[in-house]
Amino acid sequence: MSQSTSPSSHVKGPTEPFDINVDDASFAKLAEWRKEYGDIVSVTPLQRKSQALVLNCPEHVRHVLVGNHRNYSKGVGFERVKMLLGNGIIVSDGDFWRSQRRMIQPAFHRKIVGSLAAMMVTCNERKQADWQAKAEQALSINLTEEMSELALEVILRALFSDDLDRLIESTGSNPFSMLVEDVTRDLKLAMRFRALTRHVAHIMDNRRRESRIEHDFLSLLMETKDKDTHLPMSDKALIDEVMTIIVAGHETTAGTLNWAWYLMSQHDNIEAELHAEVDALGADPAFEDIATLRYTRQLIDETLRLYPPVWLFSRKAIAADELILDGQITKVSQGADIFLCPYLLHRDPRYWDRPDECLPERFSDDQIKERNKDVYYPFSLGSRRCIGEFFSLVDMQLHLGLLARHFTLHHVPDKPVDIEPHINLRARHSIFMRPEVRKA
Ligand code: HEM
């Protein structure tokens, strides 16, 4: 491959124009280019207007997400997400984002998450009963779909409490299940999903009419006020944030659990170590056990390293900027499209020994201390770091802790197990498992 002109002469890239997207072609190209051109790749756009830079080293990731983050707004691809989420915090920028983030942040405080943990356990106990019945009949389960349903239920109950049951009763089924049933995230799905905002508005109206405050995210968002203006969110903003939390919290968690079980099913030693940890609890885990479930957490961290759900980040440079590495300056022009790929950095052999192998002990305290911490960023870094990180970690630890105490999942080979780099990195085909009840 020959090399194109670029913003700084040391920066190389492919000659053929290309627009980077969240799809198979871009996934393959990004890996190829990193091998060929290294830490910074300059890509000439095909239909877009701006030159793109792909940044493959932790120093530049930190610069864009932390050091000079105010100069980088959300980038290409977020227009599509906007159709789903309106102007929710995952897509908004600037002062509006800052005000929304400040108002939403308290809802994700450890104490609130802790108080939602009992609900997470209840959802998992239902799953346990279901797997017990399946195991007794030697039936297999569609793990990918089940993790999707479970993650969706947890997030909907965290938002709506028992109003979810009332909604299901009045409409005959869970209208949000479309996110499980229809895995495309295309325009048609976006329109159908936006139509669900009426249910959120209805729940809000009922709560206001009944002066009812629940212990859940929705009531916290309805009550919160901007600390400068002392005004609550508009209903439009509130609904956008609810839809954002559903989408941001659902597929990411579901995908991670799907891969975690799959990895366990492929590594007897990992499964044995996790079993030893959960068995030592003596009872099913509760929120208080989260700190004890250290190996479970290491498996989750390793799963997020190998399969980061948000595998590609895009940003746009608001003004011209400079990236500096080993004294060398790379110019970033105003409007440049920036791409960061945690998937590639998480598997970069310069930072990870045996990068493609699943080794949860990489996330022991000692090994974490020895590593550059910016080579791992499944939840992003800096002020736009995932707001639901703690919620999802508790959710996933409780799930694995509880279900792995009772079951071993045996992989039932069906279609090839492969990744699909879509908006999220997910399994291309559903993964099937046969649950076996573990002997006491
Ligand atoms: C394994 C689970 C999860 C992963 C890997 C994950 C990852 C991420 C990442 C990488 C971002 C930053 C995206 C960017 O800046 O372009 C993000 C933002 C966000 N996440 Fe998560 N997430 C997870 C679970 C959740 C959950 C459970 C929730 C809600 C309950 C949630 C809510 C959000 C929100 C609202 C944002 C936008 C934050 C902002 O821009 O201020 N996420 N997440």
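All figures in this text were calculated on a predicted structure; none of them were measured in a lab.

A. How the structure looks around the side chain of arginine 101. Residue placement: arginine 101 occurs in helix 4 (residues 94–104). Buried and unpaired, arginine 101 has no salt bridge, with glutamate 389 as the nearest side chain of opposite charge at 7.8 Å. A distance of 2.8 Å separates a polar side-chain atom of arginine 101 from the backbone oxygen of arginine 385. Dropping the residues within four chain positions of it, arginine 101 is found in contact with Ile89, Ser383, Arg384, Arg385, Cys386 and Ile387.

B. Region of the structure containing the packing of helix 3 (residues 78–85) against helix 9 (residues 187–194). As a packed pair, helix 3 and helix 9 sit with axes 7 Å apart at the nearest point and diverge in direction by 30°. Considering their axes alone, helix 3 and helix 9 lie roughly parallel with respect to each other. Note on element contacts: helix 9 touches helix 3 through Leu187, Leu189, Ala190, Phe193 and Arg194, opposite Met83, Leu84 and Leu85. Here the residues of the contact of helix 3 with helix 9 sort into 7 nonpolar, no polar and 1 charged.

C. Representation of the packing of helix 10 (residues 197–209) against helix 12 (residues 235–266) in the model. Direction vectors running N to C along helix 10 and helix 12 enclose 120°, while the axes themselves pass 10 Å from each other. In terms of their interaxial angle, helix 10 and helix 12 are classed as oblique. Judged by the sense of rotation from one axis to the other, the crossing of helix 10 with helix 12 is right-handed. Residues Thr197, Val200, Ala201, Met204 and Arg208 of helix 10 pack against Asp235, Leu238, Ile239, Val242 and Met243 of helix 12.

D. Up close: the domain arrangement of the protein. Under the domain assignment, the protein is made up of domain 1 (1–75 + 311–377) and domain 2 (87–266 + 382–440). A straight line from the C-alpha centre of domain 1 to that of domain 2 covers 29 Å. With 13 residues of domain 1 at the interface, the matching set in domain 2 holds 16 residues. Roughly 1,100 Å² of surface becomes buried between domain 1 and domain 2 when both sides are summed, with 57% attributable to carbon and sulfur atoms.

E. Inspection of helix 12 at higher detail. Here helix 12 is 32 residues long and its end C-alpha atoms lie 47 Å apart, about the 46 Å a rise of 1.5 Å per residue gives. Here helix 12 lies mainly inside the structure; 27 of its 32 residues are buried.

F. Representation of the site of the ligand within the structure. Lining the immediate environment of the ligand, one finds 29 residues, of which Lys74, Trp97, Arg101, Arg315 and Cys386 sit closest. Within the side chain of arginine 101, a nitrogen or oxygen atom sits 2.8 Å from an oxygen atom of the ligand. The set of elements that each furnish at least two residues to the shell around the ligand consists of helix 4, helix 12, strand 5 (313–317) and helix 17 (389–406). With 6 residues, the top contributor of residues to the shell around the ligand is helix 12.

G. Summary view of the nonpolar core. Counting 136 residues, the largest nonpolar core has Phe160, Phe176, Phe193 and Ile246 as the members making the most contacts within it. The contact partners of phenylalanine 176, leaving out residues within four places of it in the chain, are Leu152, Leu156, Phe160, Leu167, Phe193, Leu196, Val200, Met243 and Ile246.

H. Inspection of the sheet that holds strand 3 (residues 72–74) at higher detail. Across the sheet, 5 strands lie side by side as 1-2-8-5-3; this open sheet has mixed pairing. Only two strands of the sheet have a single partner each, and these edge strands are strand 1 (40–43) and strand 3. For this sheet, the mean inter-axis angle between neighbouring strands, taken without regard to orientation, is 30°. Across 4 bridges, the pairing between strand 1 and strand 2 (residues 52–55) is antiparallel. Within strand 2, the position partnered with valine 41 by the bridge is valine 54.

How each quantity is defined
Residues numbered from 1 in each chain as written. Predicted model: local features only at pLDDT ≥ 70, side-chain atom pairs only at ≥ 80, totals over all residues. Heavy atoms only, no water. Helix = DSSP H or I, 4+ residues; strand = E, 2+ residues; numbered from the N terminus. Buried < 20%, exposed > 50% of the residue type's maximum accessible area, 1.4 Å probe, protein only. Lys, Arg positive; Asp, Glu negative; His and termini not counted. Salt bridge = Lys/Arg side-chain N within 4 Å of Asp/Glu carboxyl O. Polar contact = N/O pair within 3.5 Å; in protein donor to acceptor, adjacent residues only side chain to side chain. Contact = heavy atoms within 4.5 Å. Axes fitted to C-alpha atoms, helices over the stretch in contact; angles between N-to-C directions. Parallel < 35°, antiparallel > 145°, perpendicular 65-115°, else oblique. Nonpolar A, V, L, I, M, F, W, Y, C, P; charged D, E, K, R; others polar. Left-handed = near helix turned anticlockwise from the far one by under 90°. Domains from an automatic or database assignment. Buried area = accessible area lost by both parts, 1.4 Å probe. Expected span 1.5 Å × (residues − 1). Near = heavy atom within 4 Å. Core = buried A, V, L, I, M, F, W, Y, C linked by side-chain atoms within 4.5 Å. Pairing = 2+ DSSP bridges.

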